[in-house]
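Next come the chains, spelled out residue by residue.
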Amino acid sequence: MGAEKTVILDGAGVRRALTRIAHEILERNKGVADLVLVGIRTGGVHLARELSLRLEEIEGERPPVGEVDITLYRDDFKGHTPHLPVGKTDIPFAIEGKKVVLVDDVLFTGRTIRAALDALMDHGRPDCIQLAVLVDRGHRELPIRADFVGRNVPTSRKENILVTFDGDNRPLEVVLEK
């Protein structure tokens, strides 16, 4: 028998969480002036695009969205690891002096975020970096916390959190696998 699955956020729950995060981002940053979103490949990129659309609905202006691939910045990457697939980092705007909201789907140990911070700093020196995640599942190994969280879900290390997307890369639901 397969893994036991529990839906943590259905489609409506994901939409509400992203709308709340968008409002919190606007409140903290007093609008979208000098604000850019950078999603961590791949789920974070899809969520960053969704957040950008929500920010536009609320504020009338859409902040630009970039994407960062962290493959070469991972701390478990060894020189002898055979051919890890490297995705594309695409930040088509300057981040110098900008307020960057780094977006990911699930925050777990913090190692992905650390790698993304290293990758971002290679692109310039932003005014500040804030972190938005759809789900924070705990188990931090590094002193990293999210500024904006859709849902906190305490998990065991044996459990897994999956964010599923439709064919248009819109988030469908968040599932806990036991």
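Residues numbered from 1 in each chain as written. Predicted model: local features only at pLDDT ≥ 70, side-chain atom pairs only at ≥ 80, totals over all residues. Heavy atoms only, no water.

**Remarks on the pattern of salt bridges**
Keep this limit in mind: In the sections that follow, a salt bridge refers to a side-chain nitrogen of Lys or Arg positioned within 4 Å of a carboxyl oxygen of Asp or Glu. The helix count covers DSSP runs of H or I at least four residues long, the strand count covers runs of E at least two residues long, and both are numbered beginning at the N terminus. Note on classification: 1.4 Å probe, protein chains only; a residue is buried when its accessible area is under 20% of the maximum for its type, exposed when over 50%, partly exposed between these limits.
Tallied over the entire structure, the rule returns 17 salt bridges. With a shortest N-O distance of 3.1 Å, R49 and E67 are connected by a salt bridge. Taken together, the positions of R49 in helix α2 (residues 43-59) and E67 in strand β3 (residues 65-68) put the pair 18 residues apart, joining distant regions of the chain. Since its relative accessible area comes to 40%, R49 is described here as partly exposed. The exposure class assigned to E67 is buried, which follows from its relative accessible area of 10%. When salt bridges with common partners are traced through the structure, they connect R41, R49, E67 and D69 into a single cluster.

**Notes on the environment of D90**
Relative to the assigned elements, D90 resides in the loop between β3 and β4 (99-107). D90 gets classed as partly exposed once you look at its relative accessible area, which sits at 31%. Residues D90 and G39, 51 residues apart in the sequence, show an inter-C-alpha distance of 9.8 Å.

**What to know about helix α3 (residues 111-121)**
Since the α-helix advances by 3.6 residues per turn, residues separated by three or four positions end up pointing in the same direction. Applied cut-off: As used here, the arc belongs to the directions running from the helix axis to the C-beta atoms. Contacts are assigned to residue pairs that have any heavy atoms within 4.5 Å of one another.
Of the residues making up α3, those classed as buried are I113, A115, A116, A119 and L120. Considered in projection along α3, the buried side chains sweep an arc of 160° and stay on one side of the axis. Those residues of α3 hidden inside the fold are in contact with β2 (35-40), β3, β4 and β5 (128-136).

**What about unusual backbone geometry?**
With omega at -5°, the peptide bond leading from R41 into T42 counts as cis. In this fold, T42 is placed in the loop between β2 and α2. Residue K30 is not a glycine yet carries a positive backbone phi of 55°. Note that K30 resides in the loop between α1 (11-29) and β2. Located in the positive-phi region is D34, a residue other than glycine, with phi close to 60°. Positionally, D34 belongs in the loop between α1 and β2. On the basis of relative accessible area, D34 is assigned to the partly exposed category, the value being 45%.

**A word on the packing of aromatic side chains**
Condition: Two aromatic rings from Phe, Tyr or Trp, using only the six-membered ring of Trp, form a pair when their centres are within 6.5 Å; if the ring planes differ by under 30 degrees the pair is stacked, by over 60 it is edge-to-face, and anything between is tilted. When the NZ atom of lysine or the CZ atom of arginine is within 6 Å of a ring's centre and also within 35 degrees of its normal, the charge is said to sit over that ring.
A full pass over the atoms with the stated rule returns zero aromatic pairs. Sitting over the face of the ring of F108, R137 holds its NZ or CZ atom 3.9 Å from the ring centroid.

**Details of the UniProt feature "short sequence motif: PRPP-binding" (unreviewed entry) in the chain**
Operational definition: UniProt positions are given in the numbering used here, feature names are shortened, and annotations may be inferred rather than shown by experiment.
In this structure's numbering, the residues bearing the UniProt feature "short sequence motif: PRPP-binding" (unreviewed entry) are residues 100-112. Helix makes up 15% of residues 100-112 and strand 62%, with an end-to-end C-alpha separation of 16 Å.

**Observations concerning the environment of G66**
Take G66: it is sitting in strand β3. According to the relative accessible area criterion, G66 is buried, its value standing at 2%. Placed 98 residues apart in sequence, G66 and T164 show a C-alpha to C-alpha distance of 21 Å. If near-sequence neighbours (up to four positions away) are discounted, G66 is found in contact with L37, V38, G39, D90, I91, P92 and F93.

**Observations concerning the sheet that holds strand β1 (residues 5-9)**
This is how it is decided: A pair of strands is considered paired only if DSSP assigns at least 2 bridges between the two. With axes taken as lines fitted to C-alpha atoms, and helix axes fitted only over the stretch in contact, angles between N-to-C directions fall between 0 and 180 degrees.
In space, the three strands of this open sheet follow the order β1-β8-β7, with antiparallel pairing throughout. If you trace the sheet from one side to the other, it starts and ends with β1 and β7 (160-165), each paired once. The sheet shows a mean angle of 35° between the axes of neighbouring strands, taken without regard to direction. In terms of strand pairing, β1 meets strand β8 (residues 171-177) through four bridges, oriented antiparallel. Within the sheet, the bridge partner assigned to L9 lies in β8 and is V174. Docked against the sheet, α1 engages β1 and β8, running at close to 105° with respect to β8.

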